Amino acid sequence: FPSHDTLTQNFTPHPINPCRLRLKGEFIYAILEDGIKQEFVNKALKGYGFRGKILGWLCVDGIGITFAPNEQEGKKVKSVTINDLPIDLTKEYTVATCDLFTFSPILSGFNQSVDVQYILPDFMRDLLRKALINLSQDQTYYEKRWRIIT
């Protein structure tokens, strides 16, 4: 397994803060729809400490998404589940994400969030580092979260 220094320098993302917020199910769907658009995935991004070139694919955990990539825009996400139960469009859910999405128009569904709590002074990379070190204890990282249907 990589050393602490290797994890810090090579495998952890730029310095962004995690946050916790609440969103209705309908906005979770909207965020996921926006997140699979090519203009999102391929969006060039620059900013404080960003080490990549494009935004890339949304990484999720704790939910399952079924989508049809060949459907028309806005109709690609077919189902979203938590613990194998479909989310309720009217119910509020607690969501963890990076602070970027709460003050940027990149994923407009996050504009509808309430009770936003920034988790300071932690950086997302610190949480990722801890998760990678403890990876051998958690087998859920093998689960597919995005399922394609045709």
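Before reading further, recall that the structure is shown in the block above.
The sections below set out a description of the structure shown in this document. Since we're looking at a predicted model, the values are computed, not measured. (Residues numbered from 1 in each chain as written. Predicted model: local features only at pLDDT ≥ 70, side-chain atom pairs only at ≥ 80, totals over all residues. Heavy atoms only, no water.)

On to the pairing of strand β2 (residues 64-67), then. Two faces make up the sheet, and in a regular strand the side chains alternate between them. Here β2 shows two buried faces, one formed by G64 and T66 and the other by I65 and F67. Pairing between β2 and strand β3 (residues 77-82): four bridges, direction antiparallel. Across the sheet, F67 pairs through a bridge with V77, a residue of β3. Bridge count between β2 and strand β7 (residues 146-148): three bridges; the pairing is parallel. By the bridge assignment, F67 is partnered in β7 with I148. (Buried < 20%, exposed > 50% of the residue type's maximum accessible area, 1.4 Å probe, protein only. Helix = DSSP H or I, 4+ residues; strand = E, 2+ residues; numbered from the N terminus. Pairing = 2+ DSSP bridges.)

Once that is clear, we can look at the packing of aromatic side chains. Given two aromatic rings, one states the distance between the centres and the angle between the planes to describe the pair. All chains considered together, the criterion is met by four aromatic pairs. Measuring from ring centre to ring centre gives 6.1 Å for W57 and F67, while their planes differ by 45°; the resulting arrangement is tilted. Note that W57 is positioned in the loop between α3 (38-41) and β2 and F67 in strand β2, a separation of 10 residues in sequence. Residue W57 is classed as partly exposed on the basis of its relative accessible area, which comes to 39%. Relative to W146, the ring of F67 has its centre 5.5 Å away and its plane inclined at 90°; by these criteria the two rings are edge-to-face. Remark: W146 occurs in strand β7 and F67 occurs in strand β2; sequence separation between them is 79 residues. Note on accessibility: F67 and W146 belong to one class, buried. (Phe/Tyr/Trp six-rings, centres within 6.5 Å; stacked < 30°, edge-to-face > 60°.)

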